[in-house]
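Overview (structure and organization)
One-letter residues, chain by chain:
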Amino acid sequence: MDYISYVFWIFLGIALLFYYVVCKEQRWKVLLVFSLLFYMAAGIRFLPYLLASTASVWIGAILVHRRRKAGKKAGLLLTGLLFLNLGALFWLKWGGIGYSVLNRLFSLDLAWRVILPLGVSFFIFQNTSYLIDVYLKKTEPEKNFWRFCLFASYFPYISSGPINRFGQLAPQLFEPAEASADRFYRGGLRILWGLLKKLVLADRAAIYVNEVFGEYYMYRGLFLVLAVILFTLQLYMDFSGCMDIAIGISQLFGIDLPENFRAPFSAGSTAEFWRRWHVTLTSWFRDYIYIPLGGSRKGRLRRSANILIVFLICGVWHGAGITFLIWGMLNGLYQVVGYLTFDFRQRVCRRLGCVPGSFGDRMRKGIITFFLGEIAWLFFRAEGWREALYMLKRSVTGWNPWILTDGSLFQAGLSGFDFVILAVGALLVGWVSREGEKEDLHRKFIKQSAVFQYLTIVAGVVILFVYGIYGPGFDSSGFIYYNF
């Protein structure tokens, strides 16, 4: 049961009904029940993973707090708990590759039968951040297990994030805001926006991406370049659309989740891109890995090493396979090289007459950042590193710009009209993202006339149902980050 199914919307309607019928003090229990039901709907066999991680962290945090309060050292206990949870995550993700290596080295026939639980990467990172915050005395330990279990399992973010901090979210979960027409309106608009990004843009781009990446040896040149660009578009629309829906659903319950995207493709460097992309994951790595390693406080070499370590771990977190490691290391190398060559590049730009902060300067930085990012995303999407290198080579050596005019471009699953929808949609989403950084677009929208608001919403619903991409039974594909 995911966000794009009729069953889920019925489930959500029932949850809202129960939520607002009971008294305010009991509402968190309604959220807990429906969160566990949502998780069990994905597979009841996954529930022990969630409960085991949650219970170990809940008990561990209380023990850590008691030792700290008594003036005793708790570092060893904290290390053991982190090793238990993060080690379990690593084993679940990379154990299959470990078995494959053992089979090859020793001619064994070991079988890997573990299925990755829904949202395991997200709830383990959330739980460990809580544990560390208790150790650092940034938050008090929660004494009620079931209240902490709600934080770990809250259904709008359990599958794909955003990654939350207990100290920031707990007051909203256990002392929710009162229902209001504005909150429901804001939440409904955010959900519609997310559905449009997912069904009209992401799933449309996926048709071309799946075709070209699936049969990559049949394509070359511009086919491959467009496939990587459209994958970037697909991933952004899919993931940010998922976040829009999660944030919108939470607003219906009177709970505000943190933003996870801040116009990432307006970034002028890879470092800035990662401050705008998957914000809650980036901040998690910054606060719990980069800064404890020393951050930027111990010299250029140490800072560079810390950045590489963080992005290596980021690649490991995203999935098992050499391609994810390469993707992570490329993003780390981009930042290290950018940092180490900053002064040299500034001197070159001054000699060439570049004007810092000008439109041309921002465009140059944006294009370079996007180009470097596309190379990394190629490895992220490819089935293997050999396939990625082959596609990279064929995209340069097999140049074929005539496909834009002879109609052959439309043989990969999308029509000219589909490309127009993607282009217009990408420009619209980009504009909304940029404007959203400057002002509250919802507040601006509700200041418009009722007729304008009504027509805009009706247009959005019509576009969703007419131009959305649906499979058999009016179903859609799942969100990409459900796999992480």
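Refer to the structure presented above.
This report concerns the structure included in the present document. Owing to the predicted nature of the structure, the values given are computational and were not obtained by experimental measurement. (Residues numbered from 1 in each chain as written. Predicted model: local features only at pLDDT ≥ 70, side-chain atom pairs only at ≥ 80, totals over all residues. Heavy atoms only, no water.)

Right, let's get into the packing of aromatic side chains. Applying the stated rule across the entire model yields 58 aromatic pairs. For the ring pair tyrosine 39 and phenylalanine 123, a centre distance of 6.4 Å and an interplane angle of 75° mean the geometry is edge-to-face. Of the two residues, tyrosine 39 is situated in helix H2 (residues 27-41) and phenylalanine 123 in helix H5 (residues 120-135); the sequence distance between them amounts to 84 residues. Just as tyrosine 39 is buried, phenylalanine 123 falls in that class too. (Phe/Tyr/Trp six-rings, centres within 6.5 Å; stacked < 30°, edge-to-face > 60°. Helix = DSSP H or I, 4+ residues; strand = E, 2+ residues; numbered from the N terminus. Buried < 20%, exposed > 50% of the residue type's maximum accessible area, 1.4 Å probe, protein only.)

Over its 23 residues, helix H16 (residues 359-381) runs 32 Å from end to end, which matches the ideal 33 Å to within 8%, given 1.5 Å per residue. Asp361, Thr369, Gly373, Glu374, Ala376, Trp377, Leu378, Phe379, Phe380 and Arg381 are the residues of H16 that are buried. Where H16 is buried, its residues contact helix H9 (181-214), helix H10 (222-252), helix H11 (270-276), helix H13 (300-318), helix H14 (322-340) and helix H17 (385-397). (Expected span 1.5 Å × (residues − 1). Contact = heavy atoms within 4.5 Å.)

Along the chain, histidine 318 falls in helix H13. You can call histidine 318 buried: its relative accessible area is 1%. Separated by 2.9 Å, the side chain of histidine 318 and the backbone oxygen of cysteine 314 make a polar contact. (Polar contact = N/O pair within 3.5 Å; in protein donor to acceptor, adjacent residues only side chain to side chain.)

Take helix H20 (residues 450-467) next. An α-helical segment advances 3.6 residues per turn. Residues three or four places apart therefore align on the same side. End to end, H20 covers 25 Å across 18 residues, agreeing with the expected 26 Å (1.5 Å per residue, within 8%). Within H20 the residues assigned to the buried category are Gln453, Gly460 and Leu464. In an axial view of H20, the angular spread of the buried residues amounts to 35°, which keeps them on one side of the axis. Exposed residues pointing more than 90 degrees away from the buried face of H20 are listed as Val451, Tyr454, Leu455 and Val466. Each element contacted by the buried residues of H20 is listed here: H9 and helix H19 (441-446). (Arc of directions from axis to C-beta.)

Turning to the pattern of salt bridges, a few remarks are in order. Going through the model one piece at a time under the given rule, you end up with 20 salt bridges. When the shortest N-O distance is used, the salt bridge between lysine 24 and glutamate 178 registers 3.4 Å. Remark: glutamate 178 occurs in the loop between helix H8 (166-174) and H9 and lysine 24 occurs in the loop between helix H1 (6-21) and H2; sequence separation between them is 154 residues. A relative accessible area of 31% means that lysine 24 is categorised as partly exposed. Note that aspartate 287 is salt-bridged to arginine 286, the shortest N-O span being 2.8 Å. Exposure remark for arginine 286: the relative accessible area of 41% places this residue in the partly exposed category. The structure contains a network of salt bridges with shared partners spanning Arg190, Lys197, Asp244 and Glu259. (Salt bridge = Lys/Arg side-chain N within 4 Å of Asp/Glu carboxyl O.)

The residue after glycine 161, namely proline 162, is reached through a cis peptide bond having omega 10°. Considering the arrangement of structural elements, one finds proline 162 in the loop between helix H7 (155-158) and H8. In the Ramachandran plot, lysine 137 falls in the positive-phi region, its phi being about 65° despite a non-glycine side chain. Of note, lysine 137 is situated in the loop between H5 and helix H6 (145-153). The backbone of alanine 263 sits at a positive phi, close to 45°, despite the residue not being glycine. Residue placement: alanine 263 occurs in the loop between H10 and H11. Of the residues examined, alanine 263 reaches a relative accessible area of 7% and is grouped as buried.

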